[in-house]
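Read off the chains here:
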Amino acid sequence: FEMREHRSIVESWFARHGQNVDSFVAKQEQALEALKLNVCDVGSINRNERGEQMYNQCFYLSIARAYLGEGHKRAVIEETALFFKRVIEAAVIAAH
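Each chain has its residues counted from 1, running along the sequence as written. The predicted nature of this model means local features are confined to residues of pLDDT at least 70 and side-chain atom pairs, given and counted, to a pLDDT of 80 or more, with totals for whole chains, interfaces and linings taken over all residues. The side-chain numbers reported here are obtained from all heavy atoms of the structure, hydrogens and water having been left aside.

Novice: Account for the layout of surface pockets, naming residues and giving values.
Specialist: Computed from the structure, the largest pocket encloses a volume of approximately 350 Å³. Using a grid of 1 Å spacing that covers the protein atoms alone, one calls a set of points a cavity when a 1.4 Å probe fits there but cannot get out, and a pocket when the set is open and has protein on both sides within 12 Å along at least five of seven lines; lining residues are those with an atom within 4 Å of a point. Along its surface, the largest pocket is lined by Lys 36, Leu 37, Asn 38, Val 39, Cys 40, Asp 41, Val 42, Ser 62, Arg 65, Ala 66 and Glu 70. Residue classes in the lining of the largest pocket are distributed as five nonpolar, two polar and four charged. Grid points are joined across faces, edges and corners, and a volume is the space filled by probe spheres set on the points. All residues other than Ala, Val, Leu, Ile, Met, Phe, Trp, Tyr, Cys, Pro, Asp, Glu, Lys and Arg, Gly among them, are scored as polar; the first ten of these are nonpolar and the last four charged.

Novice: Describe the pattern of salt bridges, and please don't skip the residues or the numbers.
Specialist: When a carboxyl oxygen of Asp or Glu is within 4 Å of a side-chain nitrogen of Lys or Arg, the pair counts as a salt bridge. Per the counting criterion, the structure on display carries seven salt bridges. Put simply, Arg 7 and Asp 22 hold a salt bridge, and the shortest N to O gap is 2.8 Å. Placement of Arg 7 in helix 1 (residues 6–16) and of Asp 22 in helix 2 (residues 21–34) is noted, with a sequence separation of 15 residues between them. Classification of Asp 22 by relative accessible area gives partly exposed; the value is 44%. A helix here means a DSSP run of H or I that spans at least four residues, while a strand means a run of E at least two residues long, and both kinds are numbered starting from the N terminus. Buried, partly exposed and exposed residues are distinguished by accessible area as a fraction of the type maximum, computed with a 1.4 Å probe on protein chains only: under 20%, between the cut-offs, and over 50%, respectively.

Novice: Got a sec to walk through the packing of aromatic side chains? Specific residues and values, please.
Specialist: Aromatic ring pairs are reported here in terms of the distance separating the ring centres and the angle at which the planes meet. When two rings of Phe, Tyr or Trp (its six-membered ring) have centres within 6.5 Å they constitute a pair, described as stacked for plane angles under 30 degrees, edge-to-face for angles over 60, and tilted for the intermediate range. Tallying each qualifying case throughout the model produces five aromatic pairs. With 5.4 Å between their ring centres and 85 degrees between their planes, Tyr 67 and Phe 84 make a pair best called edge-to-face. Placement of the pair is Tyr 67 in helix 3 (residues 58–68) and Phe 84 in helix 4 (residues 74–95), with a sequence separation of 17 residues. For Tyr 67, a relative accessible area of 61% gives the class exposed. By relative accessible area, Phe 84 is classed as buried at 18%. Taken together, Trp 13, Phe 14 and Phe 24 form an aromatic cluster joined through their ring pairs. Only when the NZ atom of a Lys or the CZ atom of an Arg is both within 6 Å of the ring centre and within 35 degrees of the ring normal do we say a charge sits over the ring. Positioned above the aromatic ring of Phe 24, the side-chain terminus of Lys 27 is 5.2 Å from the ring centre.

Novice: Requested: an account of helix 2, with residues and values cited.
Specialist: By this rule the span expected of a helix is its residue count minus one, scaled by 1.5 Å. For helix 2, built from 14 residues, the straight-helix expectation of 20 Å at 1.5 Å per residue is met to within 8% by its first-to-last C-alpha distance of 20 Å. The backbone nitrogen of Asp 22 has a side-chain oxygen 2.7 Å away, supplied by the residue at the start of helix 2, namely Asn 20. Phi turns positive, to about 60 degrees, at Lys 36, one or two residues after helix 2. Here a polar contact means two N or O atoms within 3.5 Å. Within protein one must be a hydrogen donor candidate and the other an acceptor candidate, and residues neighboring in sequence count only if both atoms are side-chain atoms.

Novice: An account of the confidence of the model for the chain is needed here, citing residue identities and associated values.
Specialist: Keep in mind that low pLDDT regions are not for reading the predicted coordinates in detail. For every residue, the predictor reports its confidence as pLDDT, a number between 0 and 100. Overall, the predicted model of the chain reaches an average pLDDT of 93, with 96% of residues at or above 70. When mean pLDDT is taken per element in the chain, strand 1 (residues 46–47) scores highest with 98 and helix 1 scores lowest with 89.

Okay, here's the thing in structure tokens:
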């Protein structure tokens, strides 16, 4: 298994479909500006209730950051993300 750099993977995918990734990036930047949104990377690692690291948590961290807004400490974002993760998991289990 060869891990490739993310940008080159995305560019090749767009090229295979006859598209230019830069034009899509420009459209995304315009949308962010129009909505007065800022990009904020909150990472992908969180901790569970036992303090163990959990990877690939970017979805939960991002919705926690969006919900809380600016100015919150990392611990508050992580706690909120874990809460959202558990609520979403419970809803999925209840639905199935």
